[in-house]
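# Survey of secondary and tertiary structure
So the chains spell out like this:
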Amino acid sequence: MATEPVAVESAAPSLVDRYFTRWYKADVKGKPCEDHCILQHSNRICVITLAESHPVLQSGKTIKSISYQISTNCSRLENKVSGKFKRGAQFLTELAPLCKIYCSDGEEYTISSCVRGRLMEVNENILHKPSILQEKPSTEGYIAVVLPKFEESKSITEGLLTQKQYEEVVVKRSNTTTATS
């Protein structure tokens, strides 16, 4: 008697889960719940996205517009990178602003780099269709791509949280909000 093979349903990991390590920066610049996610590839490239708990990704928020114009003299859209050594790339510090997100309720959020390095590109698609930032935050809705210096590529994760540590922070945060309610 032949037994039929049992089909095991295992979801294949997504492209992001397969090739990137997730790092988190909680409460960026001391602002509660404004968390960022840094997707670090094995080639040291970092993709800056919003963490799942960021207020922009919470239900009820509608993004009115996104601006890469940081100040009157600085626009991330003017970043022009060329050549092997990435000439022309803007250099960013951990706290350097990447963009501003304006919501329909009047709230404004400044998204920071969270890692030191050269700005390789910004996602211009979110300017034309801001909803993809909420629909697909870690894929098509990324904010920017940053290339850390080679010497600093190992140390950029200092001060960032692993996925497990970040989940613990979110649980503690939700416990304190329910305790105060």
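Cut-offs and rules
Residues numbered from 1 in each chain as written. Predicted model: local features only at pLDDT ≥ 70, side-chain atom pairs only at ≥ 80, totals over all residues. Heavy atoms only, no water. UniProt positions renumbered as here; feature names shortened; annotations may be inferred. Core = buried A, V, L, I, M, F, W, Y, C linked by side-chain atoms within 4.5 Å. Buried < 20%, exposed > 50% of the residue type's maximum accessible area, 1.4 Å probe, protein only. Contact = heavy atoms within 4.5 Å. Helix = DSSP H or I, 4+ residues; strand = E, 2+ residues; numbered from the N terminus. Phe/Tyr/Trp six-rings, centres within 6.5 Å; stacked < 30°, edge-to-face > 60°. Pairing = 2+ DSSP bridges. Axes fitted to C-alpha atoms, helices over the stretch in contact; angles between N-to-C directions. Polar contact = N/O pair within 3.5 Å; in protein donor to acceptor, adjacent residues only side chain to side chain.

Per an unreviewed UniProt entry, the protein chain goes by Protein Abitram and derives from Myotis brandtii. Under the UniProt heading Sequence similarities (unreviewed entry), the entry covering the protein chain gives this text: "Belongs to the ABITRAM family." Note on the protein chain: under the UniProt heading Subunit (unreviewed entry), the record states "Interacts with F-actin. Interacts with G-actin."

Moving on to the nonpolar core. Ranked by internal contacts, the top residues of the largest apolar core, which has 30 residues, are Ile-38, Val-56, Ile-101, Val-115, Leu-133 and Ile-143. In this structure Val-115 touches Ile-38, Cys-46, Ile-48, Leu-92, Thr-93, Glu-94, Val-146, Ile-156 and Leu-160, once residues within four positions along its chain are discounted.

Moving on: the environment of Ile-143. Inspection of the secondary structure assignment puts Ile-143 in the loop between α3 (131–135) and β9 (144–147). Look at Ile-143 and you get buried, because its relative accessible area is 0%. It is 8.1 Å that separates the C-alpha atoms of Ile-143 and Leu-133, two residues lying 10 residues apart in sequence. When near neighbours in sequence (up to four residues on either side) are disregarded, Ile-143 contacts Ile-48, Thr-49, Tyr-68, Leu-98, Cys-99, Ile-111, Val-122, Asn-123, Ile-126 and Leu-133.

With that settled, consider the packing of aromatic side chains. In the structure shown here, the tally under the stated rule is 1 aromatic pair. An angle of 5° between the planes, with centres 4.0 Å apart, marks the rings of Tyr-24 and Tyr-166 as stacked. Linking Tyr-24 in strand β1 (residues 20–25) with Tyr-166 in helix α4 (residues 163–180), this pair joins segments that are 142 residues apart in sequence. Both residues of the pair, Tyr-24 and Tyr-166, count as buried.

Bringing the environment of Thr-110 into the picture now. Mapping Thr-110 onto the fold places it in strand β7 (residues 108–112). Ignoring anything within four residues of it in the chain, the contact list for Thr-110 reads Glu-34, His-36, Pro-97, Cys-99 and Lys-100.

This paragraph deals with the sheet that holds β7. As summarised here, the arrangement of the 3 strands in space is β4-β6-β7, forming an open sheet in which the pairing is antiparallel. The outermost strands of the open sheet, each flanked by one partner alone, are β4 (63–67) and β7. For this sheet, the mean inter-axis angle between neighbouring strands, taken without regard to orientation, is 20°. Relative to β7, strand β6 (residues 97–103) is paired through 5 bridges, and the arrangement is antiparallel. Counted as the bridge partner of Ile-101 is Tyr-109 from β7.

The next thing to look at is the side chain of Ser-67. Tracing the sequence through the fold places Ser-67 in strand β4. Within the local environment of Ser-67, its side chain forms a polar contact with the backbone nitrogen of Gln-69, the two atoms lying 3.1 Å apart. Setting aside residues up to four positions removed in sequence, Ser-67 forms contacts with Cys-99, Lys-100 and Tyr-102.

Right, let's get into the sheet that holds strand β8 (residues 117–122). Strand order in the open sheet made by the 6 strands is β1-β2-β3-β9-β8-β5, with antiparallel pairing throughout. Since the sheet does not close on itself, it has two edges, and those belong to β1 and β5 (91–92), each with one partner. In the sheet, β5 pairs with β8 via 2 bridges, with the strands oriented antiparallel. Residue Phe-91 lies in a different strand from β8, and its bridge partner there is Arg-118.

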